[in-house]
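The lines below spell out each chain.
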Amino acid sequence: MHEELKLDNQICFRLYTAARLITQAYTPMLNELGITYPQYLVLMVLWEQDGQPVNDIAHRLLLETNTVTPLLQRMEKLGIVVRQRGKEDKRQQIVSLTEKGKAMEEQAYSIIPAGMGEELKTCPFKMEDYVHFASELDTIIDTLRSKEK
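Residues numbered from 1 in each chain as written. Predicted model: local features only at pLDDT ≥ 70, side-chain atom pairs only at ≥ 80, totals over all residues. Heavy atoms only, no water.

(A) Focus on the overall build of the chain. Secondary structure summary: the chain contains six helices and three strands in total. Seen through its principal axes, the chain has C-alpha atoms that stretch 55 × 40 × 25 Å. Buried positions account for 26% of the 149 residues belonging to the chain. Accessible surface, the chain as shown: approximately 10,800 Å² in total, 55% of it carbon and sulfur. (Helix = DSSP H or I, 4+ residues; strand = E, 2+ residues; numbered from the N terminus. Buried < 20%, exposed > 50% of the residue type's maximum accessible area, 1.4 Å probe, protein only. Areas by Shrake-Rupley, 256 points an atom, 1.4 Å probe, with all protein chains shown as cover.)

(B) Expanded view of the sheet that holds strand 3 (residues 93-97). Ordered by their spatial adjacency, three strands build an open sheet running 1-3-2, and the pairing between neighbours is antiparallel. Unpaired on one side and paired on the other, strand 1 (52-53) and strand 2 (81-85) mark the two borders of the sheet. Relative to strand 3, strand 1 is paired through two bridges, and the arrangement is antiparallel. Among the inter-strand pairings, Pro53 is bridged to a residue of strand 3, identified as Ile94. Where helix 4 (residues 65-77) meets the sheet, it contacts strand 2 and strand 3, and its direction lies at approximately 120 degrees from that of strand 2. (Pairing = 2+ DSSP bridges. Contact = heavy atoms within 4.5 Å. Axes fitted to C-alpha atoms, helices over the stretch in contact; angles between N-to-C directions.)

(C) Spotlight on unusual backbone geometry. Of note in the backbone geometry, Leu62 takes a positive phi value of approximately 60 degrees without being a glycine. Of note, Leu62 is situated in the loop between helix 3 (54-60) and helix 4.

(D) Main features of the environment of Met116. Structurally, Met116 can be placed in helix 5 (residues 99-119). With relative accessibility at 11%, the residue Met116 sits in the buried group. In the structure, Met116 is positioned 91 residues away from Ala25 in sequence and 7.4 Å away in space, judged by C-alpha atoms. Beyond its immediate stretch of four places on either side in the chain, Met116 contacts Ile22, Ala25, Tyr26 and Met29.

(E) Examining the layout of surface pockets more closely. Here the largest pocket defines a volume of roughly 1,800 Å³. Surrounding the largest pocket, 36 residues form its lining, Ala19, Ile22, Tyr37, Ala134 and Leu137 being those nearest its centre. Listing elements by their share of the lining of the largest pocket, those giving two or more residues are helix 1 (11-33), helix 2 (37-48), helix 5 and helix 6 (127-148). Broken down by element, the residue count for the lining of the largest pocket peaks at twelve residues, all from helix 6. (1 Å grid on protein atoms, 1.4 Å probe; cavity = no way out; pocket = protein on both sides within 12 Å on 5 of 7 lines; lining within 4 Å. Points joined across faces, edges and corners; volume = space filled by probe spheres on them.)

(F) Examining the side chain of Ser96 more closely. The topology assignment puts Ser96 in strand 3. Accessibility expressed as a relative area gives 17% for Ser96, which makes it buried. Setting aside residues no more than four positions away along its own chain, Ser96 makes contact with Asp50, Gly51, Ile80, Val81 and Val82.

(G) The arrangement of the packing of helix 2 against helix 5 in detail. Where helix 2 contacts helix 5, the two axes come as close as 10 Å, and the packing angle between them is 110 degrees. Of the possible angle classes, the one that applies to helix 2 and helix 5 is roughly perpendicular. Pair helix 2 / helix 5 crosses with left-handed handedness. The residues of helix 5 that touch helix 2, namely those facing Tyr40, Leu43 and Trp47, are Gly101, Lys102, Met104, Glu105, Ala108 and Ile112. Its residues assigned to classes, the contact of helix 2 with helix 5 shows six nonpolar, one polar and two charged. (Parallel < 35°, antiparallel > 145°, perpendicular 65-115°, else oblique. Left-handed = near helix turned anticlockwise from the far one by under 90°. Nonpolar A, V, L, I, M, F, W, Y, C, P; charged D, E, K, R; others polar.)

(H) Structural context of helix 1. With 23 residues, helix 1 extends 33 Å from end C-alpha to end C-alpha; this agrees with the ideal 33 Å at 1.5 Å per step. All of the buried residues in helix 1 are Thr17, Ala25, Tyr26, Met29, Leu30 and Leu33. Looking at the buried positions of helix 1, the neighbouring elements they touch are helix 2 and helix 5. Backbone geometry just downstream of helix 1 places Gly34 in the positive-phi region, at approximately 80 degrees. (Expected span 1.5 Å × (residues − 1).)

And the structure:
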């Protein structure tokens, strides 16, 4: 067996497992809001800046528009967002939060940060460790994304 192919030597396995377990930890909190993790990601993008084109949302989430569009359709059925044709470019769809979607920001704020803090309270990391780790992950993401182009 090649050492490079052992599971314990794979960073990808650790990243995959950590992402899966973090998403799993979010699930009960997101269930309280009636949304999924991908829908939460879209909401965070729109809470930062409302009224964005579908392409911009997809770009910000590092996803394809054909992945984001069905997600937005489900969110529209839930009454969280509305999609409208762009004023300047009719081919563009602009996604905006409804009042329900805007109100969900405060609901999420009251549930998620404290909830995730509770989930990770036995982890020995400090906040600056998470900030540093996020920066390291951004470097990996940027490196791999540059190879996509």
